[in-house]
Amino acid sequence: MSGDVGGRTGLQGKLSQWLRGRRPKETAAQDRGREALLLAAAGAGLPLAPAAHPGPDYRCSCDRVGCPTPARHPVSFAWQTQSTTDRAQIERWARHQPQANFVTATGMVHDVLDVPLEAGREALQRLLGAGIEVGPVAESDDGRMLFFTLTRGTPEDEDEWWPCELDCHPETMDEHPGLRWHCRGSYVLVPPARLPGDQSVHWVRGPEHPLPDPLSLLEVLTDACARYAGEEADHQGAAWPLRR
């Protein structure tokens, strides 16, 4: 994976300072690096829209009191229609909103299978070891791994679209600690993104990898999530007597 866009070397290395928080002496090259990653995502067909970013004291830039998803949500209620792959528009957004994160709207071109980080790392190793095609993959420092796939539906087969209400809304993701299937009506942060507490969202496998069929990944991902949930339950059960 050393050639992946957004690895810990190369372009992503140039972004590390930006991901930790912008500084007065930040170079123009770092800004171009962020913009290049966003344009690479759009070039792979991921529609983008501007999102909030971390504010002071773990708050969100939206200034909403008690924002449930700080720095993780779009800035416009029209994010679904606003989302675009247009290079010129994304360049304008990136340059005029240098601190903004970006979301990608799912269910139009791509879906995202969103799993706990430990389960995702196990599944990724198994998938690659089995020679299964894996598309772009991102890690979030808050404990999630995102597998980008083709969508289950397209505008041409409207009746086949699976609305996100059958899984979760981005605003209520905590209710779904296992696998979350982001499809129509949902969104995820696209790297590079900053989260409160000096955390980030970054590519493990970049957007140059073709999007796979989600069903080709689903069995391994669900098995890894079930294994992870069982280990979590065992751990909590073992700790329970200590809390009595």
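Before reading further, recall that the structure is shown in the block above.
A quick note: this is a predicted structure, and the numbers were derived from the prediction, not measured.

The antiparallel open sheet is built from three strands, whose spatial order is 1-2-7. Two strands lie at the open edges of the sheet, namely strand 1 (48-51) and strand 7 (187-190), each paired on one side alone. Shown here is a sheet whose adjacent strand axes are inclined to one another by a mean of 40 degrees, direction ignored. Sitting on the sheet, helix 4 (residues 87-96) is in contact with strand 1 and strand 2 (101-105), with an inclination near 15 degrees to strand 1.

Moving on, we get to the sheet that holds strand 9 (residues 199-205). The pairing of strands in a sheet comes from backbone hydrogen bonds and takes either a parallel or an antiparallel form. Spatial strand order, 6-3-5-4-9-8: six strands in an open sheet with antiparallel pairing. Since the sheet does not close on itself, it has two edges, and those belong to strand 6 (180-182) and strand 8 (193-195), each with one partner. Each adjacent strand pair in this sheet contributes to an overall mean axis angle of 25 degrees, direction not counted. Pairing geometry for strand 4 (residues 137-140) and strand 9, over four bridges, is antiparallel.

When you line up the elements, Ser140 lands in strand 4. Aside from chain neighbours lying at most four places away, what touches Ser140 is Leu195, Ser200 and Val201.

This paragraph deals with the environment of Leu217. For Leu217, the location among the structural elements is in helix 6 (residues 215-243). It is 8.6 Å that separates the C-alpha atoms of Leu217 and Glu133, two residues lying 84 residues apart in sequence. If we ignore the near neighbours within four places in the chain, the residues touching Leu217 are Leu113, Leu127, Ile132, Glu133, Val134, Phe147, Thr149 and Pro212.

Calculation notes
- Residues numbered from 1 in each chain as written.
- Predicted model: local features only at pLDDT ≥ 70, side-chain atom pairs only at ≥ 80, totals over all residues.
- Heavy atoms only, no water.
- Pairing = 2+ DSSP bridges.
- Helix = DSSP H or I, 4+ residues; strand = E, 2+ residues; numbered from the N terminus.
- Axes fitted to C-alpha atoms, helices over the stretch in contact; angles between N-to-C directions.
- Contact = heavy atoms within 4.5 Å.

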